[in-house]
Amino acid sequence: MTNPAEKQHEASLSGPSAAAWYQVTLSAIGDAVLTTDLEGRVIYMNPVAESLTGWVAAEAYGRPVEEVFRIISEETGQAVKQPIRQVIETGLVRGMANHTLLVARDGTRRPIDDSAAPVRDAAGEPIGVVMVFRDIGEQRDRERAVREALEYAESIIDTVRDPLLVLDADLRVRSANCSFYRDFGVTREATEGRLVYELGNGQWDIPELRSALEDVLPKDDTFRDFEVTHEFEGIGRRRMLLNGRKVRRPGDGTELILLAIEDATPTWRSGVEFADNRERYRVIVEGAVGFAIFTFDTDGVITSWNTGAREMLGYTEEEILGENFRIIFTPEDLRDRQADEEMRIAAREGRALDERWHLKKGGELFWAQGLVMPLRDDADELRGFLKIIRDKTEERHLQDALRKRTEQLEEADRHKNQFLAMLAHELRNPLAAVRNAIEVSARTGSKEDLQWSRDVTARQVANFSHLIKDLLDVARITEGKVQVNKELIDAVPVVRHAIEAVRPILAARKHEFQSCVTSTELRLEADSTRLEQILVNLLTNAAKYTPSGGRIELSAGAEGGEVVFRVRDNGLGIPADLLPKVFDLFIQADRSLDRSEGGLGIGLTLVRSLAELHGGTVTATSDGDGKGSEFVVRLPAAVGARARPAGGGDAAASGARGFRVLVVDDNADTAQGMAKLLEISGHDVRVAHDGVEALEVAREYRPEIMLLDIGLPGMDGYELATRLRQEGWCEGAVLVAVSGYGEERARDRSEAAGFDHHLVKPVKFDTLLDLIATFQRP
């Protein structure tokens, strides 16, 4: 029995009101609906159909469907058979179809999907056809965007140096980059679609790889630097670092796995991390390490930003997207339109390489090596650019440092050449004076001329000695072999000795000299000889660089915890450009006054080095040319016990003891000259000219003191000393080495050979007599 409500519903769906109800329903849906009778004449169109076809329903009513619903093939542009006609002919439903363009009344074309089905009456007989169609233009655009995004991602992947695989969720290879095919010697056909473990005939079935993909990745969605060592057919044993990440495929959202493979074999084989390994990178779309990779459109607006860019430039993705990539360029490069030039070159030539300063987020400059590449679509239309940046700041600083060091070495070489030229000049001057003195003594017999010749020769020999001593001091200081014999001293006597040493040059120059010692005792831990050398060099320097009749002042006193010495003059002064390097080796201003007086320009270098060896400093100040200069030496003051006066007393008379002395030198003039001086001083002397002769004379003569030249022919002085020390009678004898070498190594070798003392040529006779005066007979 039929329910009264059902009857009422059936009644509402039949009759005139039913048609109106259906029309309202069809008007509300989002797809276009068009119905025809069995002859294919239009009897109804909903608003969406009116919008797509351009026909108003009232106008279209009764017209053939081909006139209102014009469709053509996308491929050929020719008219295609109407779906409604197919349904009328077959009586069957025609499913959804596409690849069809609807031509609207105004000629507009748009891609559509359409389907049609017969309309039947209550008895099941066909009474017309209904067709549903929709505009799929936006869908096509979305599909194109997805396709371009995939192509864009693949273009980025192909810029990665390291091999890269894209796997699906079943671990089958979807794609690989060029580096993978090149490095592992496989083809695209033998790779794509295969299970990753099947690659290379099963060579990729590696336990570590299985663990990374099947154990680690499902839990963490990523793994980094997973180390694998494996033997590959054809390319040998390789150590690889695997990096994996899960991503979602654009469009359908399917899960993909990016697997980056870094070949670490060279580092593994060498056992060290090469510097360029820092430059190698693993780019997994947004996970590149060590490289900033980002894209921007043709206007320069940034559209993507990887992790490396964030780490290198300091901007997060949220901060930078939508900004112009010119934000990283310096004001100078922006002014010169370098960003636009990069885009022009990349678009024209396919790539643009550059090295320039870029700006980080906080304004910090860094030196970058960059590559810009164009991004094009299927129609070869320029869609934007890809930029890869590598930070080369450290290398730039090293290059700048190397360039600066090269300039310094070139400057030092120039100063060295100037120094050698000055040295030649300084050697020629005393030689000329000695040669003239010898010539005078040879041509005249007067007592006055002979005395003058002796004075000249003695004075020039002293100049030679001073010159050689300074050169040896510089050499020892440069090699770090100078040692100072520090002891607790009072510097006041040292000041007096230094003043006495320079009085001749002060008098010769007619300088006014003033000294001031503000304390009766200046105690410090110092080598008194070296301290006197510092003061003498500074005073001599002041005397030379001050015109005749100038004023020179020396003051010494205690300031805080330091003993301070000041040497001031009103002489030539020091140019501003020379002042910062006045203490450097081979540095000397062009001063005609000094050149007339001689000098190598190494005295101040010695002063600074000796001051530093004492734990002190020396500084120079000057107001400029013609305004004099001041040198200040500061040394740490000593506290505690009373100081020993420096410069320990007069030497004992050397000739009073009458020692038996053996002089051994292969230069007959040198040996005979020394022998005569010793005889004049009251000693008994024998002479030998080589090692064998010296042994024979010594065994017979039994000398108490032996002066042995080191550079003897055949048996040198070291061997001679060693053999003498093996003689029983020689146990109490004093052996003195006489050598042209005064460095620490030569002195150590003399001591090892058995020498008691080491003197450097030319030996000052007074020094030798002072030394002999200290000897005591057993």
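**Side note on helix 22 (residues 668-680)**
Residue pairs three or four apart in sequence face the same way in an α-helix, which turns once every 3.6 residues. Helix length check: helix 22, at 13 residues, gives a terminal C-alpha distance of 18 Å against a target of 18 Å (1.5 Å per residue), a fit within 8%. Check the buried side of helix 22 and you find it contacts strand 25 (660-664), strand 26 (684-688), strand 27 (705-709) and helix 26 (765-773). Two to three positions downstream of the cap, the backbone nitrogen of Asp-669 sits 3.1 Å from a side-chain oxygen, assigning the N-cap of helix 22 to Asn-667.

**Describing the pattern of salt bridges**
For the structure shown, the criterion picks out 44 salt bridges. The partner of Arg-110 in a salt bridge is Asp-135, and the shortest N-O contact between them spans 3.4 Å. A residue pair is termed long-range when its members are at least 10 positions apart, and Arg-110 in strand 5 (residues 109-120) and Asp-135 in strand 6 (residues 126-135) qualify at 25 residues. Arg-568 is paired through a salt bridge with Glu-630; the nearest N and O atoms lie 2.6 Å apart. Pair noted here: Arg-568 is in strand 21 (residues 562-569) and Glu-630 is in strand 23 (residues 629-636), with a separation of 62 residues, a long-range link. Note on Arg-568: relative accessible area 35%, which makes it partly exposed. Several salt bridges converge on common partners, so that one network encompasses Arg-551, Glu-553, Glu-559, Glu-562, Arg-566, Arg-568, Glu-630 and Arg-634.

**Regarding the environment of Gln-369**
Tracing the sequence through the fold places Gln-369 in strand 15 (residues 365-376). Its relative accessible area of 25% is what places Gln-369 among the partly exposed residues. For Gln-369 and Asp-391, which are 22 residues apart along the polypeptide, the C-alpha to C-alpha distance reads 6.5 Å. The contact partners of Gln-369, leaving out residues within four places of it in the chain, are Asp-354, Glu-355, Ile-388, Ile-389, Arg-390 and Lys-392. Polar contacts involving the side chain of Gln-369 include one to the side chain of Glu-355, which spans 3.0 Å.

**Describing the confidence of the model for the protein chain**
Overall, the predicted model of the protein chain reaches an average pLDDT of 81, with 81% of residues at or above 70. For the stretch residues 272-287, pLDDT sits under 50, and the model shows 47 contacts to residues farther than four places along the chain or on other chains.

**Side note on the sheet that holds strand 23**
In spatial order, the strands read 18-20-21-23-22; together these five strands make up an open sheet with mixed pairing. Edge positions in the sheet fall to strand 18 (512-517) and strand 22 (617-622), since each has one partner strand and no second. When the angles between neighbouring strand axes are averaged without regard to direction, this sheet yields 10 degrees. Pairing analysis gives eight bridges linking strand 21 to strand 23, with the strands arranged antiparallel. Within strand 23, the residue paired with Arg-568 across the bridge is Glu-630. Helix 19 (residues 528-544) contacts strand 18, strand 20 (551-559), strand 21 and strand 23 of the sheet and is inclined by roughly 20 degrees relative to strand 21.

**Some details on the side chain of His-614**
Among the structural elements, His-614 can be located in the loop between helix 21 (603-613) and strand 22. Within the structure, His-614 has its side chain in polar contact with the backbone nitrogen of Asp-527 (distance 3.1 Å). Not counting residues within four places of it along the chain, the set of residues in contact with His-614 comprises Val-484, Lys-486, Glu-525, Ala-526, Asp-527, Arg-530, Leu-635 and Pro-636.

**So, the nonpolar core**
Core analysis: the biggest nonpolar cluster contains 40 residues, and Leu-524, Leu-531, Leu-538, Phe-565 and Val-633 have the highest contact counts within it. Where this core is concerned, the elements lending two or more residues are helix 18 (491-509), strand 19 (523-526), helix 19, strand 20, strand 21, helix 21, strand 22 and strand 23. When residues no more than four places from it in sequence are discounted, the contact partners of Leu-531 are Ile-489, Ala-491, Val-494, Leu-524, Phe-565 and Leu-635. Listed in part, the 25 residues of the second largest apolar core include Leu-695, Tyr-701, Ile-710 and Ala-753.

Quick notes on the rules
Residues numbered from 1 in each chain as written. Predicted model: local features only at pLDDT ≥ 70, side-chain atom pairs only at ≥ 80, totals over all residues. Heavy atoms only, no water. Helix = DSSP H or I, 4+ residues; strand = E, 2+ residues; numbered from the N terminus. Expected span 1.5 Å × (residues − 1). Contact = heavy atoms within 4.5 Å. Polar contact = N/O pair within 3.5 Å; in protein donor to acceptor, adjacent residues only side chain to side chain. Salt bridge = Lys/Arg side-chain N within 4 Å of Asp/Glu carboxyl O. Buried < 20%, exposed > 50% of the residue type's maximum accessible area, 1.4 Å probe, protein only. pLDDT = per-residue confidence, 0-100. Pairing = 2+ DSSP bridges. Axes fitted to C-alpha atoms, helices over the stretch in contact; angles between N-to-C directions. Core = buried A, V, L, I, M, F, W, Y, C linked by side-chain atoms within 4.5 Å.

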